[in-house]
Amino acid sequence: VQLVESGGTLVQPGGSLRLSCVASGFTFSSYVMSWYRQAPGKERELVARISSGGGTTNYAGSVKGRFTISRDNAKNTVYLQMNSLKPEDTAVYYCNAVRTSLYWGRGTQVTVSS
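Residues numbered from 1 in each chain as written. Predicted model: local features only at pLDDT ≥ 70, side-chain atom pairs only at ≥ 80, totals over all residues. Heavy atoms only, no water.

A few points about the side chain of Ser20
Tracing the backbone through its elements, the reader meets Ser20 in strand 3 (residues 17-24). On the accessibility criterion, Ser20 (14% relative accessible area) is buried. Excluding anything up to four places from it in sequence, Ser20 contacts Val4, Glu5, Ser6, Trp35, Thr77, Val78 and Tyr79. (Helix = DSSP H or I, 4+ residues; strand = E, 2+ residues; numbered from the N terminus. Buried < 20%, exposed > 50% of the residue type's maximum accessible area, 1.4 Å probe, protein only. Contact = heavy atoms within 4.5 Å.)

Laid out in structure tokens, this is it:
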């Protein structure tokens, strides 16, 4: 089982990024997928979640209206489109898959700074 995140980088405030998470080793289309993040000195927090079929999404209040989660079950990939980025969005972003089992990726660093 693998979840491999990519797309994290340094970006200026107000900028945009798209994170990707490619899954392998399990039935991706049956799993609820989520993005979490963890900033230095803080606990890991849920950013966004998408149902197995993609029809239902949920967002943390701090990112609602700025971030969009989506998935392509044919490509075993979940995305996080992040717009209007703020310095407080700086964190390591993790991909998470849950159904009967729970899987985590290793994370990708997003830094928002001028």
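Moving on from the model shown.
Some words on the pattern of salt bridges
Enumeration according to the criterion identifies three salt bridges in this entry. Notably, a salt bridge pairs Asp89 with Arg66, separated by 2.8 Å at the nearest N-O pair. Of the two residues, Asp89 sits in the loop between strand 8 (77-82) and strand 9 (91-98) while Arg66 sits in the loop between strand 6 (57-59) and strand 7 (67-72), which places them 23 residues apart along the sequence. For the residue pair Asp89 and Arg66, the accessibility class agrees, reading buried in each case. Because the salt bridges share partners, they merge into one network encompassing Arg37, Glu45, Arg66 and Asp89. (Salt bridge = Lys/Arg side-chain N within 4 Å of Asp/Glu carboxyl O.)

Observations regarding the nonpolar core
In terms of nonpolar packing, the biggest core is built from 29 residues, with Met33, Trp35, Val78, Leu80, Met82 and Tyr93 touching the most fellow members. Of all elements in the fold, only strand 3, strand 4 (32-38), strand 5 (45-50), strand 7, strand 8, strand 9 and strand 11 (108-112) reach the threshold of two or more residues within this core. Beyond its immediate stretch of four places on either side in the chain, Met33 contacts Leu3, Phe28, Ala48, Arg49, Ile50, Ile69, Arg71, Val78, Cys95, Asn96 and Ala97. (Core = buried A, V, L, I, M, F, W, Y, C linked by side-chain atoms within 4.5 Å.)

Digging into the pairing of strand 11
Walk down a regular strand and you will see the side chains alternate between the two sheet faces. Residues Thr108, Val110 and Val112 of strand 11 are buried on one face, while the alternating residues Gln109 and Thr111, pointing to the opposite face, are not. In this structure, strand 2 (residues 10-11) lies alongside strand 11, joined through two bridges in parallel fashion. Bridge pairing in strand 11 links Leu10 to Thr111. (Pairing = 2+ DSSP bridges.)

Details of the state of the cysteines
With the rule as written, the count across this model stands at one disulfide. Cys21 shares a disulfide with Cys95; S-S distance 2.2 Å. The sign of the -85° torsion about the S-S bond sets the Cys21-Cys95 disulfide as left-handed. Of this pair, Cys21 sits in strand 3 while Cys95 sits in strand 9, and the two are 74 residues apart along the sequence. Of the residues examined, Cys21 reaches a relative accessible area of 0% and is grouped as buried. On the accessibility criterion, Cys95 (0% relative accessible area) is buried. (Disulfide = S-S within 2.5 Å.)

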